[in-house]
Amino acid sequence: MSGAGAMERWRSCPALADQDEAFLASVADYLAQLQALSHEQRHCLALFKVAELVNALIQIKERREAVDRVGPELAQRSFALVRSVIRNRTLPYAGSQSQCLRDPQLTAVIDEGCRLFHLGKANKDLYQQALALSAAQCLALQDQLGPALDQYLQLSGLVVPKTLVTAVRKSFIEAYRS
């Protein structure tokens, strides 16, 4: 997204339709920060974001005991992988090199998201900030999330059902198109 028109077009995406102005203002603030990242930084952040999104949907489905849940083994493997990425700042790939996420700007974004998510468990306002940051990431990384999802699924070693992949695409890629 670039230019003044694109800066406002994001407000019309379906995922933000029911959000209040305070939430949208937070998204705008985060979006401005994320758009300052280089192409390579956005690529790396997109890889982390899809790992996070896949894991989030898996964990939600498991917790809710959804009919289409993937089972405790895949849920644990996915959780362990994302946790390892956060701790080690690398996204390991099965049988190949890992993706380094040690860039200070990337670690700052990842750390902020983790901080807001964990503190948000006890504070509704901070949870809304975590959601605003996540929405801004989906917007800023819009052109890279699809390819990053494909790359992650191919190289992570996780066998994720197509229904879950479709849910990620629908909820976090398509829903953020304006």
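Everything below is about the structure shown above.
Quick notes on the rules
Residues numbered from 1 in each chain as written. Predicted model: local features only at pLDDT ≥ 70, side-chain atom pairs only at ≥ 80, totals over all residues. Heavy atoms only, no water. 1 Å grid on protein atoms, 1.4 Å probe; cavity = no way out; pocket = protein on both sides within 12 Å on 5 of 7 lines; lining within 4 Å. Points joined across faces, edges and corners; volume = space filled by probe spheres on them. Helix = DSSP H or I, 4+ residues; strand = E, 2+ residues; numbered from the N terminus. Nonpolar A, V, L, I, M, F, W, Y, C, P; charged D, E, K, R; others polar. Axes fitted to C-alpha atoms, helices over the stretch in contact; angles between N-to-C directions. Left-handed = near helix turned anticlockwise from the far one by under 90°. Contact = heavy atoms within 4.5 Å. Expected span 1.5 Å × (residues − 1). Buried < 20%, exposed > 50% of the residue type's maximum accessible area, 1.4 Å probe, protein only. Arc of directions from axis to C-beta. Core = buried A, V, L, I, M, F, W, Y, C linked by side-chain atoms within 4.5 Å. Salt bridge = Lys/Arg side-chain N within 4 Å of Asp/Glu carboxyl O.

**Some points on the layout of surface pockets**
Piece 1. As a volume, the largest pocket reaches approximately 1100 Å³.
Piece 2. Along the walls of the largest pocket sit 39 residues, with Glu52, Ala56, Phe117, Tyr127 and Ser134 positioned nearest its centre.
Piece 3. Here the element with the most residues in the lining of the largest pocket is helix H3 (residues 39-63); it accounts for eleven residues.
Piece 4. Grouping the constituent residues of the lining of the largest pocket by class yields 24 nonpolar, nine polar and six charged.

**Some remarks on the packing of H3 against helix H5 (residues 104-120)**
Piece 1. Running from N to C, H3 and H5 cross one another at 35 degrees; their axes reach a closest spacing of 10 Å. Helix-helix and strand crossings are classified by hand; for H3 and H5 the assignment is right-handed. From H3, Gln41, Cys44, Leu45 and Phe48 reach across to H5, where they touch Gln105, Leu106, Val109 and Ile110.
Piece 2. For the contact of H3 with H5, the per-class residue count stands at six nonpolar, two polar and no charged.

**Looking at helix H8 (residues 162-173)**
Piece 1. Under the 1.5 Å per step criterion, the end-to-end length of H8 is 15 Å for twelve residues, consistent within 8% with the ideal 16 Å.
Piece 2. All buried positions along H8 are accounted for by Leu164, Val165, Val168, Phe172 and Ile173. Each buried residue of H8 lies within a common arc of 115 degrees when the element is viewed along its axis, so the set occupies one face. When the buried face of H8 is taken as reference, the exposed residues oriented beyond 90 degrees from it are Lys162, Thr163 and Lys170.
Piece 3. Turning to H8, the residues buried within the fold contact H3, helix H6 (124-140) and helix H7 (142-155).

**Side note on the nonpolar core**
Piece 1. Ranked by internal contacts, the top residues of the largest apolar core, which has 56 residues, are Leu16, Leu45 and Tyr176.
Piece 2. In terms of residue count, the dominant contributor to this core is H3 (eleven residues).
Piece 3. Those residues in contact with leucine 16 that sit more than four places away from it in its chain are Trp10, Arg11, Phe23, Leu24, Ala135, Leu139 and Tyr176.

**With respect to unusual backbone geometry**
Piece 1. Of note, the phi angle at glutamate 65 is positive, near 50 degrees, even though the residue is not glycine.
Piece 2. One can find glutamate 65 in the loop between H3 and helix H4 (72-88).
Piece 3. Although it is not a glycine, arginine 89 sits at a positive phi angle of roughly 65 degrees.
Piece 4. Here arginine 89 is to be found in the loop between H4 and strand S1 (90-93).
Piece 5. Overall, the relative accessible area of 16% leaves arginine 89 in the buried class.

**Description of the pattern of salt bridges**
Piece 1. Here the structure, examined in full by the defined rule, presents six salt bridges.
Piece 2. For glutamate 21, the salt bridge goes to arginine 11, with nearest N and O atoms at 3.1 Å. Of this pair, glutamate 21 sits in helix H2 (residues 21-35) while arginine 11 sits in the loop between helix H1 (3-9) and H2, placing them ten residues apart in sequence.
Piece 3. Between lysine 61 and aspartate 68 there is a salt bridge, with its nearest N and O atoms 2.8 Å apart.

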